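An overview of the molecular structure
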Amino acid sequence: MNVPLLDLKAQYATIKAEVDAAIAEVMESQHFILGPKVEQCEKAIASYSRCAHGIGVTSGSDALLACLMAEDIGPGDEVITTPYTFFATAGAIARLGATPVFVDIDPSTYNLNASLIAEKVTQKTRAIIPVHLYGQMADMDQVMRVAEQHKLVVIEDAAQAIGAEYKGRRAGSIGHYGCFSFFPSKNLGAAGDGGMIVTNDQKRAEKLTCLRGHGSRPKYYHKIIGGNFRLDALQAAIVSAKLPHLDSWTAARQRNAARFDRLFQDAGLVASGAVTLPTVSMDRHIFNQYVIRVADRDALQASLKAKGVGTEVYYPVPMHLQECFAYLGHRAGAFPESERAAKETLALPVSPEVTDEQARYVVECVGAAVAVNQSPVSA
Ligand SMILES: Cc1ncc(COP(=O)(O)O)c(C=O)c1O
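In what follows, the accompanying structure is described. Because the structure is a prediction, the values reported are computed rather than measured. (Residues numbered from 1 in each chain as written. Predicted model: local features only at pLDDT ≥ 70, side-chain atom pairs only at ≥ 80, totals over all residues. Heavy atoms only, no water.)

1. A look at the overall build of the protein chain
Counting secondary structure elements, the protein chain contains 11 helices and 11 strands. In terms of overall size, the protein chain behaves like a compact globule, its C-alpha atoms giving a radius of gyration of 21 Å where 379 residues would be expected to give roughly 21 Å. When the backbone C-alpha atoms are referred to their principal axes, the protein chain occupies close to 65 × 55 × 35 Å. A separation threshold of at least 6 residues defines the contact pool for the protein chain, and within that pool the share at least 24 residues apart is 72%. Surface summary for the protein chain: the accessible area is close to 15800 Å², and the carbon and sulfur share equals 53%. Mean positive and mean negative side-chain charge positions of the protein chain (37 and 40 charges, respectively) differ by 3 Å. (Helix = DSSP H or I, 4+ residues; strand = E, 2+ residues; numbered from the N terminus. Rg over C-alpha atoms; globule rule 2.2 N^0.38 Å. Contact = heavy atoms within 4.5 Å. Areas by Shrake-Rupley, 256 points an atom, 1.4 Å probe, with all protein chains shown as cover. Lys, Arg positive; Asp, Glu negative; His and termini not counted. Charge placed at Lys NZ, Arg CZ, Asp CG, Glu CD.)

2. Side note on the site of the ligand
By nearness alone, 16 residues border the ligand, and Gly60, Ser61, Asp157, Ser181 and Lys186 come closest of all. Take Gln160: an N or O atom from its side chain is 2.8 Å from an oxygen atom of the ligand. Ser181 has a polar side-chain atom sitting 2.6 Å from an oxygen atom of the ligand. Considering the ligand on its own, with 380 Å² of exposed area, one finds that the protein chains cover 94% of that surface. Elements represented by at least two residues in the shell around the ligand include exactly α3 (60-70) and α4 (87-95). Here the residues of the shell around the ligand are counted per class, giving six nonpolar, eight polar and two charged. (Near = heavy atom within 4 Å. Polar contact = N/O pair within 3.5 Å; in protein donor to acceptor, adjacent residues only side chain to side chain. Nonpolar A, V, L, I, M, F, W, Y, C, P; charged D, E, K, R; others polar.)

3. Some points on the pattern of salt bridges
Per the stated rule, a full pass over the model turns up 17 salt bridges. Here Glu71 and Arg204 are joined by a salt bridge, their closest N and O atoms 2.7 Å apart. You can see Glu71 sitting in the loop between α3 and β2 (78-81) and its partner Arg204 sitting in helix α6 (residues 202-211), a full 133 residues away along the chain. When its relative accessible area of 19% is taken as the criterion, Arg204 is described as buried. Residue Lys167 pairs with Asp141 through a salt bridge whose shortest N-O separation is 2.5 Å. (Salt bridge = Lys/Arg side-chain N within 4 Å of Asp/Glu carboxyl O. Buried < 20%, exposed > 50% of the residue type's maximum accessible area, 1.4 Å probe, protein only.)

4. Topic: the sheet that holds strand β1 (residues 53-57)
Pairing in this open sheet of seven strands is mixed, and the strands run β1-β9-β8-β5-β4-β2-β3 from one edge to the other. Both outer strands of the open sheet, β1 and β3 (99-102), are each paired with one neighbouring strand and no more. Across the sheet, the axes of successive neighbouring strands diverge by a mean angle of 25 degrees, strand direction being ignored. Looking at chain direction, strand β4 (residues 125-129) and strand β5 (residues 153-157) are connected through two bridges and run parallel. (Pairing = 2+ DSSP bridges. Axes fitted to C-alpha atoms, helices over the stretch in contact; angles between N-to-C directions.)

5. A word on the environment of Val275
You can see Val275 is positioned in the loop between α8 (246-266) and β10 (290-293). A residue is classified by how much of its surface remains accessible, and Val275, at 1% relative accessible area, is buried. For Val275 and Ser115, which are 160 residues apart along the polypeptide, the C-alpha to C-alpha distance reads 27 Å. Excluding its chain neighbours within four sequence positions, the residues that come into contact with Val275 are Phe264, Leu269, Val270, Ile292, Arg293, Val294 and Val366.

6. Quick notes on the packing of aromatic side chains
Taken as a whole, this structure holds 10 aromatic pairs when the rule is applied. For the pair Tyr314 and Tyr315, a centre-to-centre distance of 5.5 Å together with 70 degrees between the ring planes defines the contact as edge-to-face. The class for Tyr315 is buried, based on a relative accessible area of 13%. Among the aromatic side chains, those forming a connected cluster through ring pairs are Phe260, Phe264, Phe287 and Tyr290. For the cation-ring pair, Arg170 lies above Tyr48, with the distance from its terminal atom to the ring centre recorded as 4.6 Å. (Phe/Tyr/Trp six-rings, centres within 6.5 Å; stacked < 30°, edge-to-face > 60°. Lys NZ or Arg CZ within 6 Å of the ring centre and 35° of its normal.)

7. Describing the side chain of Ser351
Positionally, Ser351 belongs in the loop between β11 (345-348) and α11 (356-373). Beyond its immediate chain neighbours, meaning those up to four positions away, Ser351 contacts Leu5, Leu6, Asp7, Arg253 and Asn256.

8. Points about helix α1 (residues 8-29)
Spanning 22 residues, α1 covers only 27 Å between terminal C-alpha atoms, well under the ideal 32 Å at 1.5 Å per step. Along α1, the largest kink reaches about 80 degrees and is centred on Ile15. Every buried residue of α1 is accounted for by Gln11, Ile15, Val19, Ala22 and Val26. Along its buried surface, α1 packs onto α2 (36-48), α7 (233-242) and α8. Downstream of α1 by a residue or two, Gln30 has a phi angle that is positive, lying close to 55 degrees. (Expected span 1.5 Å × (residues − 1). Bend = angle between axes of the 7 residues up to and from the residue.)

Here you go:
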């Protein structure tokens, strides 16, 4: 049996008419840069995230970069974040000449351990970027408490977490900014790159709108230095066409996650300690990824691959050990939970298209592999 990690062709087959119509409309209008489709998408995503403003940008990476630029963060500034994330989070900080300051993760949620933030705050700290990894929000009460105490800006990296909730509040709506990615593998993916920033602050929204068009206002008069961070009208139209399906896709992911939980428990793999399931501690986990922890992750991944099961490692090298960040001077062992997670975690297929039969097959294959080559992990 073949179980792909993600089957975008299968998803497209269910929404082809709507997506094709949205594309055709843009082609007929020949309005490709900003304009009504982008504005419509911005309003829809802002409203979905329960925020006042949405600013469509080129990608989730540029969303983070633009927010840091809007705060004039640069050389001499420090930004606190997690080392266990996609590169873009730390990369955006470093690209502006600021210093990423890492705090280790909570081993149960893989999100930054917010209780460790305060001790990393210095005179130079300007912002915190909590990442809502895999689709579950970080502990935002603690993050906001430290931020308010030290007057820091909070940029939520919600690239993997559109629609996730923390105590009834949506991802992106708690910090000063929320950044989304429409990378195709996200729960709400475009047909290429795309992203969105949401905020409740009108002044910040205005500055971002200016920044994403080279800081030009009016046209060809540049008060600030920005970049070309504009969301394409075609991508905006596709994202808007897909948005009405997002809640049902999220519900299917949640059902698939609950089914995996049940199947792993029934197989005795949880009680034996062979498999550690994802911990859901926030209100609404949207399961962009369903990630288990096992002792010999690489052997499990190889075994699943041989049996036709697609998996992925998010992420094999934490940021503090990346070659490009050697100048920060971190050594192995500096952030032990991030390093352990990087060795032990594996994302399984949880997309809405995964069937009951496929899920059973995946659990069977995991069971067979861990029986052969694994000893229990400490959770
Ligand atoms: C946590 C995180 N931050 C940032 C990004 C960057 O988003 P993009 O790929 O749209 O630039 C991604 C997605 O790839 C991500 O997963």
